[in-house]
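# Results of the structural survey
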Amino acid sequence: MKKAHNCKLLAKREIAHGIFDFTVEAPEIAAAAQCGQFLHIECGGDVFLRRPISICDTDDNTVRFIFEIKGHGTELLAEKEPGDMINIMGPLGHGFELKPEYKKAIIIGGGIGVFPLYKLAKNIEADVFLGFRSKDRVVMEDEFSAAARSVTVGTDDGSYGYAGYIAGAAEEFIDNNGADIIFACGPLPMLKAVKNIAEARGIPCQISMEQRMGCGIGACLVCTCETGKEGMDGQVRVCKDGPVFYSTEVTLNG
Amino acid sequence: MADLRIDYCGIEFKNPIVTASGTFGFGEEDGEYTELSEYGGFSAKGLTRTPRPGNRAPRIAETPSGILNSVGLQNPGVESFAAEIMPELAKLDTHVIANMSGNTVEEYCEMAEILSETDTAIIEMNISCPNVKHGGLAFGTDARTVLELTEAVKKHCKKPLVVKLSPNVTSVADIAKAAEAGGADGVSLINTLLGMKIDINTRRPILANNTGGLSGPAVMPVAVRMVHEVYEAVKIPIIGMGGVMSASDALEFMIAGARLVALGTGMFVKPDLIIDVKQGIAEYMDKNGIKKAVDIVGTLELN
Ligand SMILES: Cc1cc2nc3c(=O)[nH]c(=O)nc-3n(C[C@H](O)[C@H](O)[C@H](O)COP(=O)(O)OP(=O)(O)OC[C@H]3O[C@@H](n4cnc5c(N)ncnc54)[C@H](O)[C@@H]3O)c2cc1C
Ligand SMILES: Cc1cc2nc3c(=O)[nH]c(=O)nc-3n(C[C@H](O)[C@H](O)[C@H](O)COP(=O)(O)O)c2cc1C
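Residues numbered from 1 in each chain as written. Chains lettered and ligands numbered in written order. Predicted model: local features only at pLDDT ≥ 70, side-chain atom pairs only at ≥ 80, totals over all residues. Heavy atoms only, no water.

Close to ligand 1 lie 22 residues, the nearest being Pro52, Gly71, Thr74, Glu210 and Arg212 of chain A. Positioned at a junction of chains, ligand 1 has nearby residues supplied by chains A and B. At 2.7 Å from an oxygen atom of ligand 1 is found a main-chain nitrogen or oxygen belonging to Gly71 of chain A. Measuring from an oxygen atom of ligand 1, one finds a backbone N or O atom of Gly73 of chain A at 2.7 Å. For ligand 1, whose unbound accessible area comes to 830 Å², protein coverage reaches 86%. Broken down by secondary-structure element, the contributors of at least two residues to the shell around ligand 1 are strand S4 (51–54), strand S6 (62–68) and helix H2 (72–78) of chain A. The element best represented in the shell around ligand 1 is S4 of chain A, accounting for four residues. (Near = heavy atom within 4 Å. Polar contact = N/O pair within 3.5 Å; in protein donor to acceptor, adjacent residues only side chain to side chain. Areas by Shrake-Rupley, 256 points an atom, 1.4 Å probe, with all protein chains shown as cover. Helix = DSSP H or I, 4+ residues; strand = E, 2+ residues; numbered from the N terminus.)

Below is the structure:
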């Protein structure tokens, strides 16, 4: 039986304003982790529920995750210092499916959605597209560059790299070079654009979803998203059936 | 060594701790982070007469020391439960409590009949559901309705019938008395308290359903008070629940009058809560020279 682990925070770094890069000692989680899976993390203090945060990378003994301060939970988590213990469940969920026939993989990430894609980028050969709001929000460019076949960085406001939504840059690339699989994680408008690009061209596409969660292990049925199917198949659980789904499995409407 | 076994409605439970309906599905996730065989009983997710897809997401909002949920009784329906799910649950080393929700008296009666033919140990009747014949007002808010409903369902029920009480009432003791008068074999409480959480930036409720049920530590003092009131009002045994996060929480419910105590929302945060709770109860019994779990029940002394 799996259990929640008390993990020691080994390293902490603020990589952009309000974005924290944590490495914890967690050999069991590291050994089991697959690309795209997530952790369910106790923030401490008066925060009641755990917070879902993706696995960014793993080592033999350590797990790395990166998060942005959004509300009270992530704010308290960011106050932890090296040496502190953090209670973590994981790895949880269904991650990215890697198939040997994928030769022309495209990875598209937006904002905090780039973090779950890093371990994937290290594991496969891919052309990577990363979008951020503005230049001061650009993170992990060097690390992705070291891991990927190519990296294109863009900003919504044009202050750095490709100017505009990054899905547009990926679309141009796909039309010039082809693609046999797309992996994506990011804000909903980006995922909708990527879903359209992929489905219009018949390219399989795996996207990582977010939803407000309870237990994180599939038991409480609160973190559902819609499949567009009738009746009992109309809902899937983000924490257990996902967070990664094929774009054709989910409507992105709720 | 403390003896945690306890009798409920003539059935021996190996310990007084059960799951709260809807918080561990139909047990599909057994063995991942929680071992259902550790529990005295397993209350399955609420069933309806026909399948229900449930509400849209978000179905959860965090609140101080608790959550609001609006799952909306997503379930495959009582017939599919009886045919496919219950045979699997019967293999577990724990008693099953099947939980049902209806919109009409007839629906409740039909479900009780179907569930009576299964291996479930107990049938738990959730009465926090809208009564469509009476403008959608919840069955559980009117004593006369609860009495008539319980009487009707008892005629179709061959298993012990436990009525699950709603806290959204003026006097929970009156409703418990009505259930007892209608022939209920036990009562369980509390179900969730109706609530709302607003996102001040969008000025919309977080829940897609607008309102949801509050559970977790935030409701525990209300739940303990209600268990105490019901214990004073009826003779049938009580399953207490609402915000249990530790052995001492469970002990409060038992002292107030609960024979069985359910863990729900607490498991979302502490998946192995059952282990700590059982151990803590056993230690409390040893420390206080209590040999049998039942000797804790209803031992409250008022000031
Ligand atoms: C599978 C998954 C992986 C994620 N990976 C990352 C990651 O790697 N890095 C990162 O920065 N963020 C990630 N997130 C988003 C992160 O979970 C939220 O930003 C965080 O829960 C916000 O908590 P808070 O207390 O700061 O905010 P509050 O708004 O105060 O949180 C209130 C409640 O809403 C929930 N909530 C709020 N926003 C979200 C959201 N976007 N998704 C899910 N629940 C939410 C919280 O968990 C909490 O229960 C991920 C979400 C999911 C579902
Ligand atoms: C996600 C969720 C789903 C629930 N579903 C049901 C249900 O189907 N039937 C029911 O009688 N109670 C249901 N409940 C109520 C619980 O069984 C319990 O009465 C309540 O949550 C209080 O206990 P807790 O604070 O320990 O969770 C649900 C509660 C939650 C949190």
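Turning our eyes to something else, we now look at the sheet that holds strand S11 (residues 162–163) of chain A. Residue and element names in this part refer to chain A. The strand order S11-S10-S9-S8-S12-S13-S16 describes an open sheet built from seven strands, whose pairing is mixed. Looking at strand neighbours, the two that pair on one side only are S11 and strand S16 (244–246), the edges of this open sheet. Where strand S13 (residues 205–208) lies against S16, three bridges are found, and the strand directions are antiparallel. Looking across to S16, one finds that Gln206 is bridged to Tyr246. Where helix H5 (residues 166–177) meets the sheet, its contacts fall on strand S8 (105–110), strand S9 (126–132), strand S10 (150–155), S11 and strand S12 (181–185), and the angle it forms with S9 comes to roughly 155 degrees. Sheet contacts for helix H6 (residues 188–201): S8, S12 and S13; angle to S12, the most-contacted strand, approximately 170 degrees. (Pairing = 2+ DSSP bridges. Contact = heavy atoms within 4.5 Å. Axes fitted to C-alpha atoms, helices over the stretch in contact; angles between N-to-C directions.)

So, about the packing of helix H5 (residues 220–233) of chain B against helix H6 (residues 247–256) of chain B. All names here are of chain B. Viewed as axis vectors pointing N to C, H5 and H6 meet at an angle of 25 degrees, and their least axial separation amounts to 8 Å. Considered as vectors, H5 and H6 are oriented roughly parallel to each other. Remark: the crossing between H5 and H6 carries right-handed chirality. Together, Met220, Ala223, Val224, Val227, His228 and Tyr231 of H5 and Asp249, Glu252, Phe253 and Ala256 of H6 make up the contact between the two elements. (Parallel < 35°, antiparallel > 145°, perpendicular 65-115°, else oblique. Left-handed = near helix turned anticlockwise from the far one by under 90°.)

With 37 residues of chain B at the contact, the number on the chain A side is 33 residues. Note on chain B versus chain A: buried area summed over both sides is about 3,000 Å², and carbon and sulfur give 62% of it. Here chain B is connected to chain A by six salt bridges. At the junction of chain B and chain A, the tally comes to 13 residue pairs in polar contact (both at pLDDT 80 or more). For the side of chain B that touches chain A, the secondary structure elements donating two or more residues are strand S5 (60–63), strand S6 (66–69) and helix H7 (266–269) of chain B. Sort the elements by how many residues they give to the side of chain B that touches chain A and S6 of chain B lands first, with three residues. (Buried area = accessible area lost by both parts, 1.4 Å probe. Salt bridge = Lys/Arg side-chain N within 4 Å of Asp/Glu carboxyl O.)

Such coordinate-based values are descriptive only and should not be taken to indicate function.
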